[in-house]
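These are the residues of each chain, in order.
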Amino acid sequence: MVPRVAHYRNQPGWNALWQHRTGWHADVTLTGSRHGSYTDAQPLLPQLARQGVLSTEQLRRDVGDIRPGRAELATPSYVASFFDCRLRGQDDHLLDGPSARFPEVAYER
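None of these values were measured; they are calculated from a predicted model. (Residues numbered from 1 in each chain as written. Predicted model: local features only at pLDDT ≥ 70, side-chain atom pairs only at ≥ 80, totals over all residues. Heavy atoms only, no water.)

1. Quick word on the nonpolar core
- Counting nine residues, the largest nonpolar core is built from Leu-30, Ile-66, Ala-71, Ala-74, Tyr-78, Leu-94, Leu-95, Phe-102 and Val-105.
- A per-element tally of this core places helix H4 (residues 68-88) first, with three residues.
- For Phe-102, the contacting residues outside a window of four places in its chain are Arg-70, Leu-73, Ala-74, Ser-77, Tyr-78 and Leu-94. (Core = buried A, V, L, I, M, F, W, Y, C linked by side-chain atoms within 4.5 Å. Buried < 20%, exposed > 50% of the residue type's maximum accessible area, 1.4 Å probe, protein only. Helix = DSSP H or I, 4+ residues; strand = E, 2+ residues; numbered from the N terminus. Contact = heavy atoms within 4.5 Å.)

2. Remarks on the pairing of strand E2 (residues 105-108)
- Alternating positions in E2 separate cleanly, Val-105 and Tyr-107 being buried on one face and Ala-106 and Glu-108 remaining unburied on the opposite face.
- Judged from the four bridges that link them, strand E1 (residues 27-30) and E2 form a sheet pairing that is antiparallel. Its bridge partner lying in E2, Val-28 is registered against Tyr-107. (Pairing = 2+ DSSP bridges.)

Below, the structure is given as C-alpha cells:
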C-alpha cells in the first residue's frame with residue numbers, strides 16, 4: 001500500500017499556517033486514514049459495511065483503509081499523550097517523533 005498524502009496539505013493557507021506557528025506543533029497523520037477515522041465512525045461504519053448497508057467504496061471514502069483496531073488504539077493514545085504532556089506535565093514521549101508502537105503514524109515536526 002502506498003501512503004496517501006494528506007488532503008489538508010493541498011488546502012490554501014496550510015503552508016502559511018505551518019510556517020507561522022509559534023508554539024509546539026507536529027503533523028501526526030494516521031496513514032491510510034480519512035477524516036472519519038478520528039470519530040465514532042471508525043468502529044461503526046465497518047460494521048455497517050459488513051451488513052451490506054454501506055458499500056466498501058463509501059467505507060474507504062469515510063474512514064480510509066486503515067484497520068479499525070489500529071485507528072481505535074492510535075487516536076486516543078496520541079490525544080491523551082498531547083493533553084497529558086501539555087496540561088498535566090506528564091510526558092510519555094509519544095509525541096517526540098515516530099514511534100515503534102504506531103508504525104502507521106506518519107510524524108513531521
